[in-house]
Amino acid sequence: MVGRLAIWCHGRGLPTDPDVWLRHETIDAFVLAGCAGLAPRTTQTYRSWLRQVRAALAWAQRGESTPVALSAPSERTAPYTPAELARLREWAAHLRGQTRSDALALIALAAGCGLTSAELAAVRGSHVRVLDDGTVIVAAPGTTRLIVARAAFERDLAVAVGTALTGGDRYLFRPGRTTAYAKNLVASWTWAHRPTGALPPLSARRLRAGWIVELLSARIDLTVVAAAAGLAPSALARYSHFVPPLDTRTATELLRGR
């Protein structure tokens with residue numbers, strides 16, 4: 001493992017100095033970037049081993065700050081494929097009445113804005129701004145982060161906001177409820193409204209995961225994605241497994257700066 005770390009450091013142009021290799025920030029960068037294809041638990045194990053190697057040497061007291069804690073889930077939340085998401089949106093658009101509105105709002109808030117179940121359930125019409133150019137900004141209650149909807153979901157959100165404000169200031173998702181949020185509010189709805197045919201069931205977690213993977217696939221800065229998702233940058237490592245590698249032509253253009 002130390003050898004793999006050394007090769008990775010050399011490839012990044014770091015000094016040939018074990019003191020540099022075993023700094024906390026170097027170890028964390030290695031397990032997040034150099035081990036992105038491994039299972040989260042394996043990545044955590046590698047990090048633990050390297051920190052034990054560091055602790056066994058004489059460099060533990062260098063005045064470095066305490067490293068941040070990293071965590072890995074027991075399993076990854078796989079996003080929907082683009083084809084699955086497109087078919088789910090088509091299915092939702094053909095539903096009737098309030099069921100149709102709820103389905104489209106759920107998909108738009110989770111897959112279009114990256115909101116969690118609790119966050120999307122709290123969004124009312126007054127929490128959403130539709131700018132003159134069509135940009136949709138969501139001020140989800142309990143958060144201060146910048147939430148901008150993906151362009152593909154702007155129309156669905158604009159329609160949902162118009163409907164919510166027409167009725168006063170109702171929720172976008174399940175506006176007829178009497179409680180602000182219940183633990184199984186989203187899960188109970190998706191269980192009762194399962195898509196027909198071979199479509200997978202709706203899951204707010206999978207919709208949000210797809211939003212994160214789409215942003216990472218667009219090579220948007222990790223700090224921007226993490227801030228929009230309300231996560232620490234290190235938490236994005238568990239989604240890297242689903243991000244397709246760049247083709248040679250695109251990588252060349254990025255490296256060239258065009």
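All values derive from a computational prediction rather than experimental measurement.

Rules behind the numbers
- Residues numbered from 1 in each chain as written.
- Predicted model: local features only at pLDDT ≥ 70, side-chain atom pairs only at ≥ 80, totals over all residues.
- Heavy atoms only, no water.
- Core = buried A, V, L, I, M, F, W, Y, C linked by side-chain atoms within 4.5 Å.
- Buried < 20%, exposed > 50% of the residue type's maximum accessible area, 1.4 Å probe, protein only.
- Helix = DSSP H or I, 4+ residues; strand = E, 2+ residues; numbered from the N terminus.
- Contact = heavy atoms within 4.5 Å.
- Salt bridge = Lys/Arg side-chain N within 4 Å of Asp/Glu carboxyl O.
- Phe/Tyr/Trp six-rings, centres within 6.5 Å; stacked < 30°, edge-to-face > 60°.
- Lys NZ or Arg CZ within 6 Å of the ring centre and 35° of its normal.

Draft legend 1. Highlighting the nonpolar core. Counting residues in hydrophobic clusters, the biggest one holds 38 residues, and the most contacted among them are Leu106, Leu115, Leu120, Leu172 and Leu202. For this core, the secondary-structure elements that each account for two or more residues are α5 (82–93), α6 (97–111), α7 (117–122), β2 (136–138), α8 (154–166), α9 (185–192) and α10 (204–217). It is α6 that contributes the most residues to this core, 9 residues altogether. Those residues in contact with Leu115, other than ones at most four positions away along the chain, are Leu109, Ala110, Leu120, Val123, Val138, Ala140, Arg145, Ile147 and Arg208. One finds Trp211, Ala226, Ala228 and Tyr239 within the second-largest nonpolar core, a separate group that totals 13 residues.

Draft legend 2. The pattern of salt bridges, seen in detail. Inspection of every chain in the model, using the stated rule, returns 5 salt bridges. As a salt-bridge pair, Arg206 and Glu84 come within 3.8 Å of each other at their nearest N and O atoms. Pair noted here: Arg206 is in helix α10 and Glu84 is in helix α5, with a separation of 122 residues, a long-range link. For Glu84, a relative accessible area of 22% puts it in the partly exposed group. One salt bridge in this structure joins Arg249 and Glu253, with 3.6 Å as the shortest N-O distance. In this pair, Arg249 and Glu253 are both assigned in helix α12 (residues 248–256), 4 residues apart and thus about one turn of the helix distant.

Draft legend 3. Main features of the packing of aromatic side chains. This structure, assessed with the given rule, holds 1 aromatic pair. A centroid spacing of 5.8 Å and a plane angle of 70° characterise the contact between Phe173 and Trp189, whose relative ring orientation is edge-to-face. Separated by 16 residues along the polypeptide, Phe173 in the loop between α8 and α9 and Trp189 in helix α9 bring together distant segments of the chain. You'll find Phe173 and Trp189 in the same group, each marked buried. Positioned over the ring face of Tyr171 is Arg124, at 4.0 Å from the centre of the ring. The cationic tip of Arg194 hangs over the ring face of Trp191; the distance from NZ or CZ to the ring centre is 4.0 Å.

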